Structures are given as C-alpha cells and as structure tokens.
Amino acid sequence: MNAGCKPGAPGRALAGLITVLGLAAALAAQGARAETVQGSTWLQGAGSTFAAPLYQAWIEAWQGRHKGSSLTYEAIGSGAGINRFLADTVDFAGSDAPIKDEQIARIGRGVVSVPATAGMIVLAYSLPGGIDDLKLPRDVYAAIFAGDITRWNDPRIEAANPGVKLPDLGIAVVTRMDASGTTFAFTSHLNAISALWRERGLGVGTSVDWPGSAMQVKGNEGVAQRIKISSGAIGYVEYGFAKRLNLPVAALENRAGKFVRPSAEAGTAALSETADTMDERLRISIADAPGAGAYPIVTYSWLLLYGHYDDEIKASTLRDFVGWGLTAGQSMQRDDLSGYIPLPANVVAKGQQALATIR
Amino acid sequence: MAPNPFAAAVDAGSISGPPAAYDYLSDRVFRILAYAGAGAVVVLVAYIVWEIGGQAAPAVAKYGIGFLTSTTWDVGNEKFGILPQIWGTLYSSLLALLIGGFFGLFVAIFLTQGFLPPKLAIVFRTIVELLAAIPSVVYGLWGIYVVIPALRPIADWLHETLGFIPFFSTSLSGPGLMPAALVLAIMILPTVAAISQDALHLVPFKVKEAAYGMGTTRWEAILKVFLPTASRGIFGSMVLGFGRALGETMALAMLIGNANQITLSLFSPANTLASLLASNFPEAGAVEIRALMYAAIALLAITLIVNVVGLFVMTVAVKKQ
C-alpha cells in the first residue's frame, strides 16, 4: 500500500496547508466581526435567492446610515429559508412562496409576513447566432418545461417566430434543484395556463418532479450561470439575474394573447389589478396576471418575521429596517435592480400595519 | 521487570549490550500505539458505516430495494430513487478510467522505460503528481470555462454526422457526461500514472536483461514482457483510479449537469451519487436526509466493492514479486 499513498502525498500536504491557512483566515475574520458587533445587534436572515440582490442592496444602504446594527442575508432559496425560520436559526427569512398555514401554526411566537418586493420571472435562454427576440406562446413554453418540445426548430416555436432562423438544436431545460419560491410561482403559473401541465401531474410546489432531461441547479444565480455557459438552454429566473449576465429573455404571451417583454411598466401593470386580493396574512399568488399590457409571470416576495422577539432591540431594528425597505427601499436606482417592481401603495400600507404589530 | 535474559550472555568487556529498560519501554509503547492506531481506523470506518446506516435505516425500511431501481427524486412528494445517479456514477467513472487509464499507463511507460534521462523523468513525474494537488473546484471551473467551449465544436460535429449512434444522439448544450468524464480522467491520471510507474519499476532487472538478451526491440520488451510482468500492479492502479473517480464530488457537481436521466449519449447531462449528495445535503429536510443517507450507503457500497477488489489485486501483485 506504500505505492498507493505516494501519489496523493504532495497533494494532501498542500491541501492541508491550504486548509490551515483558510482556517486561520476564517478565525481572523470571525474575530474582526465579533469586535464590530459587540454592543449592538446582529440580525441574520436567509432565504429567497430571487429577492437577494435587492435585500443585499437594502442592507448595504441601511447599514451605511445605522452604524450600530449589523444585518446579514444569506441567499439559500425560499424553501431552505423557511426551514431555517421554522427551526428558529434565523431572525427573519425571505420567501417568494407564501408561507403555509401549517407552517405558521408551528411557530409559537407568531409570524408576520410582509410583502417586501415583487418581481418578474423571465424565461432566459442562450441560442447560437445572437437570437434575442424570441416569442413564446403560453402552450409552447409550458410544453418546453413539461418536456414535450425538445428541439429549438420545433414547428410550434417556428410558427410563433416568423423570420427567425431557429437552429436545429436540442433544448436544454434548466430548473431549480433547491426548494424555491421562484419555482413555486413559475409552476403555479404553468399549472394555471396549461392543460398539458395539469395532465402530466407535474403540479405546483417549491420543488417539482421535472422531466429527467432537465438540468437542475441551485439558486437563481446558478440557473442564470448555467444558461450562460450552455448552448440552447432555457430556464426561469428573476429578471435582474438575466440582465446581469446579459442573457436574452423571451417575450411571453399573456392572458390577453399579447406578447409582452418584461419591463417595469409590464410588471407594474401585472401587480396593480390584483393588489386587493391579499389575505389577512398578506399572502397572494398571482398565477396568471390579467391585463393586456401585463407581463404574465410575476410574484411577490415576502419577508417573514416573528411576531415576538425576546430582544427588544432586534424587534425595533427589524421594524425600522423593513419599514425603510417598504418605502425608501422600493425605488433603489440601480440598473441591476430594475427588474424588481415597486409595491403598489396599498400593499405598502398593509405591510406597514403588519410590521407595527411586531414586539 | 523480569531479569534481563540477555544479560548473562554478554561479556563484561564487550561494546554490545543487552537491551536496556528504555528499549523495552519504547518498543512496548510503539507497539501499543501501532495497535491503537490500526484499531482506531477500523473503529472509525465501522462507526461511520453504523452512523450513516442508522440514519438511513428508516429510508431503507420505507423504500427498500425500489430505491435503487426507481428514477424519481421528488422531495415535494417524498418519492426517491437513485438509478439515474448510480448509472451516471458508473458511466462517468468508466469513461474517465478509459481515458485516464490509457494516458496514465502511457505516461508511466514513458517515464520508466528510459525514454528520458532519469533526472528529467523525476521532474515529469513530479509534475504529473502535482495534478493531484489541484483543488477539485479549480478543475470544475477549468472544465466550465475551457473544456466545454473546446469540446463544443467537436461534439456538434459528432452529433451532426454520427447522430444515429446512441453515444452521439444529443447535442452538447454545456455541462454533460463528456466534459465531466474528461476532467475526471485528468483527475485520476496521477493516481494511475504513479502506481503504474511503481509497478513498472518493480519489474526485476534480471527480467529486463533477459528480454533484451533474447534480442527483443524496446517496444517488444515493453509490450510483451514488462507490461505483463507488472500487469497486476497496473490493474490495481486502474482500480484505485476508478475508486477515486466514483467518489469525486465537486468537479462533477459543477460539470455533470445534474439531470436525473439514464442516457447513453455522451453529450447529455446526467447526475452522480456524490454530486447528488453534495448538492442536496446542505438544506435537506428530515425525510430527504434519510434518503440521502441511503444514497450515501449505496455509494459507500459501490466504492467499497471496487476498493476491496483493488486492494486484493494489489496484494496479490506485491506477493508475486
């Protein structure tokens, strides 16, 4: 076995060295963080990758002004965020899927869910030849994700895109691997618009049993990245993630039969007509946005807070932070955040009311 | 301590002496430490198996053997099956072994059979072994940004002209079996090359003399005498390389594409057990963790079988020489 140990030996030694150095660096960082946090509050959040860039921007701007408090937000996916929220290992969570009643029942100190932002789910793709004006009818993109349309030059795609030279290339569908609110919103939409989707029993959920050929990737950024490095891929992501990587996005057919590209106006139009249908927990699922100018797939994203915090400073910091996000945070002027739709005024008012109940 | 049995046998004027108490002590301590170390390894392995097995037990009871033969991994509906992952693990590892084994063996021949001055051969050997020191995630990134773009035109051509062959039946969209297998091949190359070199070095000098004395050419000697003589060691290197390929995680998680399908096509995305574990474990719920533990047991069993076979072959090879 001596011979067997030899080849790995230099590798192992180097790996050991790297580990030791990494550990030292991590310890140093830990120490530094502990010092800055001392005598103040440290709030940890986790969840939705969909809304993560916005929350990160909020935290950055907020901490610039409030030196005493430190907030972190970890983008791990809505499902994982809710799990941590249930397990009481975070102070708040982000989810694009509305929290379920049975989940609320499991939390003794109460749950306040506040719609914090909304956004569009776009179908980003990568095709050779610089095709960037793809139009997808609703039955077609449902069929693509159900695994029924497998090639880009399928007659149904060609019929909707006259004049576009579609390549003879397999469609690589990219979906989410982790439990995701983006998946929940997208599958809710597909389930609402497509008989095929319902027949296949693919259902609605934060994770569903995608056709086997679908590549599964973690997080919105993972999906966007996978589309970027692939050829002939299509996947669903929050608009900003597609923008950041310069991915082309498809114009989708909405309920009124119009092809709509994602834009601030189309997103706002989608939200405005449904804002009054939120329930008492401020939950709503917009499966298929109505309106001629509306972009069809939109979702709210919620911040989940506990009804009661033992530490009064934590409660007040969260009230201030989320309250600030609901008002000033809605119109962050940054190009990569332009995919998020500012909340309608009545939703903001409801959110502020709910926020005020946190103790 | 008993009277020293050697004391009487030693002349008073001799420079040699009986073992002192210190010698006995250090011998005993070393022996105890050696036994303890060996025992600890066995206990550790047993403990890991027991622990994983214990956590997998509910899933084993619930899903039974069907877990190994069904193809769905659906957390929402709590339906789990790992056949695509088992297939992907074995398929990608075999491909990697075909490529890595071939090149590893040739590197070993090149470095041991006098094609290079000995000092240069040592430099080359070190460089090949340095491949083992590159972190897995770097291989993954390299695969994404170098191997996939380089492979794409070749794959497109193969798919277009030879698409009727099942191996080329899909186009390469990006991550998939072939890029994963190629990178995996490079990762196992140092293992195969180093152990094959050792095996070739162990070919007795007398055999070499005899072969050349018979009037063979260099290639006749290498192919017909040295390789067969070292064949068991080389085979062992292949098995160890295969075992390494089975367990490789990070690079594969980045390159295999994570699609739960069983396909012969070299260009379509697939999944492996290690990749499934690495990707799904961090945020898995209680039910999924049990299923993942079951998958871990399956991977452990596959790797164990391969390694036991490899170890056996190595032992036999060493004994023969």
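This is a predicted model, so every value here is computed, not measured. (Residues numbered from 1 in each chain as written. Chains lettered and ligands numbered in written order. Predicted model: local features only at pLDDT ≥ 70, side-chain atom pairs only at ≥ 80, totals over all residues. Heavy atoms only, no water.)

This next bit is on the overall build of chain B. Secondary structure assignment for chain B yields 12 helices and two strands. Helices and strands in chain B line up, N terminus first, as α-α-β-β-α-α-α-α-α-α-α-α-α-α. The C-alpha atoms of chain B give a radius of gyration of 26 Å, which is well past the 20 Å a tight globule of 321 residues would have. With the C-alpha coordinates of chain B rotated into their principal frame, the extents come out at 85 × 60 × 30 Å. Relative to its 321 residues, chain B shows a buried fraction of 44%. Looking at chain B alone, contacts between residues at least 24 apart form 72% of all its contacts between residues at least 6 apart. Carbon and sulfur atoms provide 74% of the accessible area of chain B, an area that totals close to 16400 Å². For chain B, the separation between the mean place of its 16 positive charges and that of its 15 negative charges on side chains is 9 Å. (Helix = DSSP H or I, 4+ residues; strand = E, 2+ residues; numbered from the N terminus. Rg over C-alpha atoms; globule rule 2.2 N^0.38 Å. Buried < 20%, exposed > 50% of the residue type's maximum accessible area, 1.4 Å probe, protein only. Contact = heavy atoms within 4.5 Å. Areas by Shrake-Rupley, 256 points an atom, 1.4 Å probe, with all protein chains shown as cover. Lys, Arg positive; Asp, Glu negative; His and termini not counted. Charge placed at Lys NZ, Arg CZ, Asp CG, Glu CD.)

Attention now goes to the confidence of the model for chain B. Low pLDDT marks stretches whose predicted atomic positions should not be read closely. Residue and element names in this part refer to chain B. Mean pLDDT for chain B: 88, with 94% of residues reaching 70 or above. Within chain B, the element-level pLDDT minimum falls on helix α12 (residues 286–320), averaging 83, and the maximum on helix α3 (residues 83–112), averaging 94. Interface confidence for the predicted complex, expressed as ipTM, amounts to 0.78; the pTM equals 0.82. (pLDDT = per-residue confidence, 0-100.)

Applying the stated criterion across every chain, the model contains 31 aromatic pairs over all chains. On the basis of an interplanar angle of 45 degrees and a centroid distance of 6.2 Å, the ring pair of Tyr300 of chain A and Trp302 of chain A is categorised as tilted. We note that Tyr300 of chain A, like Trp302 of chain A, is buried. Consider the rings of Trp87 of chain B and Tyr91 of chain B, whose centres lie 5.1 Å apart with planes at 40 degrees: the pair is tilted. One end of the pair, Trp87 of chain B, and the other, Tyr91 of chain B, are both in helix α3, four residues apart, so they sit about a helical turn from each other. Three or more aromatic residues joined by ring pairs form one cluster here, namely Tyr55, Trp58, Trp62, Tyr73, Phe92, Phe321 and Trp324 of chain A. A cation sits over an aromatic face here: Arg109 of chain A above Tyr306 of chain A, 3.7 Å from the ring centre. The side chain of Lys208 of chain B reaches across the aromatic face of Phe226 of chain B, ending 5.7 Å from its centre. (Phe/Tyr/Trp six-rings, centres within 6.5 Å; stacked < 30°, edge-to-face > 60°. Lys NZ or Arg CZ within 6 Å of the ring centre and 35° of its normal.)

All names here are of chain A. In this structure, strand β1 (residues 42–47) lies alongside strand β2 (residues 70–75), joined through six bridges in parallel fashion. Of the residues in β2, the one forming a bridge with Gly47 is Ala75. Crossover connection from β1 via helix α3 (residues 52–65) to parallel β2: handedness right-handed. Looking at chain direction, β1 and strand β3 (residues 92–95) are connected through three bridges and run parallel. (Pairing = 2+ DSSP bridges. Right-handed = clockwise from strand over helix to strand, strands pointing away.)

Moving on to the interface of chain A and chain B. Listed as interface residues are 31 residues of chain A and, on the opposing side, 35 residues of chain B. When the two sides are added together, the surface that chain A and chain B hide from each other amounts to roughly 2500 Å², 56% of it contributed by carbon and sulfur. Applying the counting rule to chain A against chain B returns zero salt bridges. There are eight residue pairs in polar contact (both at pLDDT 80 or more) connecting chain A and chain B. Listed by contribution, the elements that provide at least two residues to the side of chain A that touches chain B are α1 (2–5), α2 (8–37), α4 (78–86), β7 (215–217) and α10 (219–229) of chain A. (Buried area = accessible area lost by both parts, 1.4 Å probe. Salt bridge = Lys/Arg side-chain N within 4 Å of Asp/Glu carboxyl O. Polar contact = N/O pair within 3.5 Å; in protein donor to acceptor, adjacent residues only side chain to side chain.)

What follows deals with unusual backbone geometry. Positive phi, normally seen in glycine, also occurs at Asp88 of chain A, with a value near 65 degrees. Locating Asp88 of chain A in the fold gives a position in the loop between α4 and β3. Here the phi dihedral of Glu78 of chain B falls at roughly 55 degrees; this positive angle occurs in a residue that is not glycine. Residue position: Glu78 of chain B is located in the loop between β1 (73–74) and β2 (79–80). Among the residues examined, Glu78 of chain B registers a relative accessible area of 34% and is labelled partly exposed.

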